[in-house]
Amino acid sequence: MTAAVFGHDGPWTEEEYLALDETSQRVELFDGSLHVTPAPTPRHQRISRKLGNILEPAAEKAGLELLEAVNVRLRPGRIPIPDLIITDPVNLDELMIEADEVHLICEIISPSNASTDKVLKMHYYAAAGIEWYLLVEQKTGALRLYRRRGRHYTEHSATKRGGTLHLLEPVRATIRPEDLVP
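Given the structure is predicted, the values throughout are model-derived calculations rather than measurements. (Residues numbered from 1 in each chain as written. Predicted model: local features only at pLDDT ≥ 70, side-chain atom pairs only at ≥ 80, totals over all residues. Heavy atoms only, no water.)

Turning next to the sheet that holds strand β1 (residues 26–30). Across a sheet, strands are paired by hydrogen bonds formed along the backbone, either parallel or antiparallel in direction. One open sheet accounts for three strands, arranged β2-β1-β5; its pairing is antiparallel. The outermost strands of the open sheet, each flanked by one partner alone, are β2 (33–37) and β5 (78–79). Where β1 lies against β5, two bridges are found, and the strand directions are antiparallel. By the bridge assignment for β5, leucine 29 is matched with isoleucine 79. (Pairing = 2+ DSSP bridges. Helix = DSSP H or I, 4+ residues; strand = E, 2+ residues; numbered from the N terminus.)

Spatial strand order, β3-β6-β8-β9-β10-β11: six strands in an open sheet with mixed pairing. Every interior strand has two partners, whereas the edge strands, β3 (65–68) and β11 (152–159), have only one. Averaged over all pairs of adjacent strands, the angle between their axes in this sheet comes to 20°, without regard to strand direction. For strand β8 (residues 102–109) and strand β9 (residues 132–137), the ladder comprises six bridges, and the chain directions are parallel. Across the sheet, the residue bridging to isoleucine 105 is tyrosine 133, located in β9. (Axes fitted to C-alpha atoms, helices over the stretch in contact; angles between N-to-C directions.)

Bringing the packing of aromatic side chains into the picture now. Inspection of the entire model under this criterion finds four aromatic pairs. Ring plane angle 75° and centroid distance 5.2 Å describe the contact between tyrosine 125 and tyrosine 133, whose orientation is recorded as edge-to-face. A relative accessible area of 0% places tyrosine 125 in the buried class. Here a set of aromatic residues connected by ring pairs shows up, and it is made of Tyr125, Tyr133, Tyr146 and Tyr153. When the ring centre of tyrosine 124 is taken as origin, the NZ or CZ atom of arginine 78, which lies over that ring, is 3.6 Å away. (Phe/Tyr/Trp six-rings, centres within 6.5 Å; stacked < 30°, edge-to-face > 60°. Buried < 20%, exposed > 50% of the residue type's maximum accessible area, 1.4 Å probe, protein only. Lys NZ or Arg CZ within 6 Å of the ring centre and 35° of its normal.)

Turning next to the pairing of β11. Bridge count for strand β10 (residues 143–149) against β11 is seven bridges, and the pairing is antiparallel. When the sheet's bridge partners are listed, leucine 145 is paired in β11 with serine 157. The hairpin turn running from β10 into β11, its antiparallel successor, is two residues long, and glycine 150 in that turn takes a positive phi close to 65°.

Overall, the coordinates contain eleven salt bridges when judged by the stated rule. Glutamate 14 is the salt-bridge partner of arginine 73, the closest N and O atoms lying 2.4 Å from each other. Separated by 59 residues along the polypeptide, arginine 73 in strand β4 (residues 71–73) and glutamate 14 in helix α2 (residues 14–18) bring together distant segments of the chain. Across the pair, exposure class does not vary: arginine 73 and glutamate 14 are buried alike. Where arginine 147 meets glutamate 169, a salt bridge forms, and the shortest distance between an N and an O atom there is 3.4 Å. With arginine 147 in strand β10 and glutamate 169 in the loop between β12 (165–167) and β13 (173–175), this residue pair connects regions lying 22 residues apart in the sequence. Members of the salt-bridge network, linked through shared partners, are Glu131, Arg147, Arg148 and Glu169. (Salt bridge = Lys/Arg side-chain N within 4 Å of Asp/Glu carboxyl O.)

Let us look at helix α3 (residues 42–61). Over its 20 residues, α3 runs 29 Å from end to end, which matches the ideal 28 Å to within 8%, given 1.5 Å per residue. The sharpest bend along α3 measures roughly 30° and falls at leucine 55, with the proline proline 57 sitting one to four residues further on. Along α3, the residues that are buried comprise His44, Ile47, Ser48, Leu51, Gly52, Leu55, Ala58 and Ala59. (Expected span 1.5 Å × (residues − 1). Bend = angle between axes of the 7 residues up to and from the residue.)

Just geometry here; none of it tells us what the structure is for.
Laid out in structure tokens, this is it:
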């Protein structure tokens, strides 16, 4: 199906992937294969905006940058598009952010790609050395924060409705699930 959609046979190179330019779909590159998902739901985007509104001032205060839906090169040929990242200051005109510049990566779990966020991307992000991984459940706003230990993540905290995540690294922020999901 991917080859038919993009008129391509065989594994994709990073150069071919970058030549796709912008599309209405989210297209990620994983080891020669494209992972294509439709545009996020309004609920997903609302959570992303609200979480970004909380994290952006904290990132700026720490001298860092909050970015949404950008290419992150984990290694050559492995380029996901996470929902949000907190990164070192970067050239805002570059096509990609390098993994070693990223301090926290956030994915908002969609029902259609939950296993990708909870398994595949979690493994890839940890292997790339990204210290913090935040998962947000769409329906409830529940937050799971993971910290890297070696090449894997361990759960640092879990926050459900009625609770508060007190993020201390890489930025200081207070996040309540009910502030993200009505």
